[in-house]
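Commentary on secondary and tertiary structure
Here's the letter readout for the chains.
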Amino acid sequence: MKKKTLLGLVTVAGLSLTLAACSNNKPTETKNPDEKKEHHFSPTVKNQGEAIKGQTLEIAQVSSNDFTGIFSRTFATNTLDSSFFEPADEPLFTYDENLRVRDGAAAVKFDEAKKQVRLTLRDNLKWNDGEDVTADDIVFTYEVIADKDYDGVRYNNNIRNIVGIEDYHDGKADTISGIEKINDKEVVITYKEFTPSMLQGGGGVWSSVMPKHVFENIPVKDMEASDAVRKNPVSFGPYYVSKIVPGESVEFLPNEHYYGEQPKLDKIVMKKVPTASATASIAAKEYDIYSGMPTAEYTSWQNSEGYDILGQQQTSYNYIGFKMGHWDAKEAKNIYNPEAKMANKELRQAIGYAIDNETIANQLYNGLQVRANSLIVPAFTNLHDDSFEGYTYSPEKANELLDKAGFKDTNDDGIREDPEGKPFKINFAFRDGGDTAQALAEYYIQQWSEVGLDVELTSGRLIEVNSFYEMLEKDDPKIDMYQAGWSTGYDPNPTGLYSETSAFNYTRFVSEKNEQLLNALSSTEALDPAKAKQLYGEWQAYAFDEAYVIPTTYVYEVVPVAERVTGYDISRDLDHYVYADLGVTAEKR
């Protein structure tokens, strides 16, 4: 079968097909559009100069969607909201080069034998209103998450591993027996099982803290909509939120009570910049830092005068998911429907083999995405298997699988019918993301049509992101298949995304074997690196075979930063909070 090209689709998207390989951030043109592009970025700014006083730094959050204005990680569910709170929202701990937990605002001590974690807050840690951050705040945060009226996503398998927390949630206990306040600065948390996730990403050790003195008189069911979350968030980071323009911008001022050195800037202003105007904005030097720049348009801004380009591969991936059941809120678990339209495993596998993610990553995203071979991202070097092939482009194999599954073109119109000979159409939900998203959606649909599958966009168009995720969460029957993405954070364990009790398991796929394999990843066996690699390999192979999701691409984070900026580092392995060091060495960009 003739290999399709993205040329027409990219032209529609208004993108350049000029290809560039990158070495030390210097682009080199190549005449071969199929040549694989490789990029080499630094995660740290070159400017090592001393910050000057009295300056304002402006950050662009590039997005096609508005942020919803939830300034609390306990309640936030999307990355954009979290980004708009970052300068103020310092976590309790940081991570080392292996993405394992290490001390930050709190010291973290693990005791595998006792199945305990001890958190010790810094003596001089204060909220921006001057109140001390105390052990009561930590305990209170867990009580909010475990409250029966809490409607967020943090009450997950990791949290339920805490001794006594389920009894508290069910109203059988007034306190969480596994969380003990030792003194005003120390808390010990006892778990049913000591899991690798505690070390690798703080699994079950929530890194965010809520100020009890602010929230204690607000009913849990009203917290998310309260002024304490929406208008006047209290935090202990280097800056605090001083002004909010809903859906548009947030201003931050230095937190005079910060435990570390006083911030170097007089103000940080963070604004939402539409994706469509981001390239023009950087050409006009409107902001110091651009977060979320469209990688599909990389060639149009990679040489922006006055900017360094920082980058690294993210701990995230894009994927194609399949709806196969529903979420039972009362039982707090996924209900798999073996009769669902997308329940046929060979159908799902064929859909994976029919798409050319290598070409998509190379042409549409200028090599700033790479084909994904599994659901464990490469950043977890000790667990990711580079040799695992995954779903490669093979329309021949796709056709073979569809034939085997009984999906055949019975009337010679080029479209396959279902195994009973009835018309078969797949409704495909795709998040709105401008021209690039439209081009990608069209290309996927085109490739599936090449193997005889009739696929059309749900509602006939791309779906606004917040509406898209609302439809997924509510298991909207108009969605058979969808394109989405996950940021895994620093914990490689996928249980929180794909288990029976995970609300984030939007596919609603459940099997006894999947639960067994996922549970093994959280076992004490997996504390041994060699055993962990084996167990993760077994789960990756099973997920590949069942194909309840098809990983498509791994993503690069690429951030243009004005040359006047100093102290900025997007590395994951930091021993401090990055905004504490942020400054500028000149008055103008």
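Relevant structure appears above.
For every chain, the first residue of the written sequence is number 1, and numbering continues from 1 along that sequence. Given that this is a predicted model, residues contribute local features only at a pLDDT of at least 70 and side-chain atom pairs are listed and counted only at 80 or more, while totals for whole chains, interfaces and linings are drawn from all residues. Values shown for side chains rest on all heavy atoms present in the structure; no hydrogens or waters enter the calculation.

Details of the packing of helix α12 (residues 345–353) against helix α14 (residues 395–405)
Following both chains from N to C, one finds α12 and α14 inclined at 165°, their axes separated by 8 Å at the closest point. Between α12 and α14, the interaxial angle falls into the category roughly antiparallel. Relative to α14, the crossing made by α12 is left-handed. Across from E346, L347, Q349, A350 and Y353 in α12, the residues of α14 making contact are P395, K397, A398, L401, L402, K404 and A405. Taken together, the residues of the contact of α12 with α14 sort by class into eight nonpolar, one polar and three charged. Lines are fitted to the C-alpha atoms to define the axes, a helix being fitted only along its stretch in contact, and any angle between axes, read from their N-to-C directions, falls within 0 to 180 degrees. Numbering of helices and strands runs from the N terminus; a helix is a DSSP stretch of H or I covering at least four residues, while a strand is a stretch of E covering at least two. If an angle is under 35 degrees, it is roughly parallel; if it is over 145, roughly antiparallel; if it lies from 65 to 115, roughly perpendicular; otherwise it is oblique. A crossing counts as left-handed when the near helix is turned anticlockwise from the far one by less than a right angle, and as right-handed when that turn is clockwise. For this analysis, residues touch if any pair of their heavy atoms sits within 4.5 Å. Residues are sorted three ways: Asp, Glu, Lys and Arg are charged, Ala, Val, Leu, Ile, Met, Phe, Trp, Tyr, Cys and Pro are nonpolar, and all the rest, Gly among them, are polar.

Some points on the sheet that holds strand β6 (residues 106–111)
One open sheet holds the four strands; their spatial order is β6-β7-β9-β8, and the pairing between them is antiparallel. Sheet topology places β6 and β8 (179–181) at the edges, where each strand pairs with a single neighbour. In this sheet, adjacent strand axes meet at a mean angle of 15° when their direction is disregarded. A pair of strands is labelled paired if DSSP reports no fewer than 2 bridges between them. In this sheet, strand β9 (residues 186–190) lies alongside strand β7 (residues 116–121) in antiparallel orientation, the contact comprising five bridges. Note on β9: the bridge partner recorded for Q116 is T190. The sheet strands contacting helix α3 (residues 135–146) are β7, β8 and β9, and the helix crosses β9 at an angle near 30°.

Concerning the pairing of strand β16 (residues 333–336)
Relative to β16, strand β15 (residues 325–328) runs antiparallel, the two sharing four bridges. Across the sheet, the residue bridging to D328 is K333, located in β16. Taken together, β15 and the strand that follows it, β16, pair antiparallel across an intervening segment of four residues, in which A332 is found at a positive phi of about 55°.

Here's the deal with the packing of aromatic side chains
Here is the rule: rings of Phe, Tyr and Trp (six-membered ring for Trp) pair when centre to centre is within 6.5 Å. Planes less than 30 degrees apart are stacked, more than 60 are edge-to-face, and the remainder are tilted. One pass over the full model with this rule turns up 36 aromatic pairs. Summarising the aromatic geometry, the rings of Y319 and W486 are spaced 6.4 Å apart at their centres and angled 10° between planes, so their arrangement reads as stacked. Of the two residues, Y319 is situated in strand β14 (residues 307–322) and W486 in strand β20 (residues 481–487); the sequence distance between them amounts to 167 residues. Exposure remark for W486: the relative accessible area of 12% places this residue in the buried category. Centroid distance W486 to F504: 5.3 Å. Interplanar angle 70°. Geometry classified as edge-to-face. Here the residue W486 occupies a position in strand β20, and F504 occupies one in the loop between α17 (495–498) and α18 (512–521), the gap between them amounting to 18 residues. By way of ring pairs, the aromatic residues Y317, Y319, F468, Y469, Y482, W486, F504 and Y506 are connected into one cluster. Note on exposure labels: buried denotes an accessible area under 20% of the residue type's maximum, exposed denotes more than 50%, and partly exposed covers the range between, all computed with a 1.4 Å probe on protein chains only.

Topic: the nonpolar core
In globular proteins that are soluble, nonpolar side chains generally tend to be buried together. In terms of nonpolar packing, the biggest core is built from 98 residues, with Y142, Y568 and L582 touching the most fellow members. The greatest single-element share of this core, amounting to eight residues, is contributed by α3. Sequence-distant contacts of L582, that is, excluding residues within four places in its chain, are made with L57, Y239, K264, L265, I268, I289, V565, T566, G567 and Y568. Ranked by size, the runner-up nonpolar core spans 81 residues in total, among them A343, L453, M481 and V549. Take the buried Ala, Val, Leu, Ile, Met, Phe, Trp, Tyr and Cys residues and link them wherever side-chain atoms come within 4.5 Å; each set so joined is a nonpolar core.

Some thoughts on the packing of α12 against helix α19 (residues 529–546)
For the pair α12 and α19, interaxial distance at closest approach is 8 Å and the crossing angle is 100°. The angle between the axes of α12 and α19 places the two elements in the roughly perpendicular class. On the side of α12, the interface is formed by K345, R348, Q349 and Y353, while α19 contributes F544, D545 and E546.

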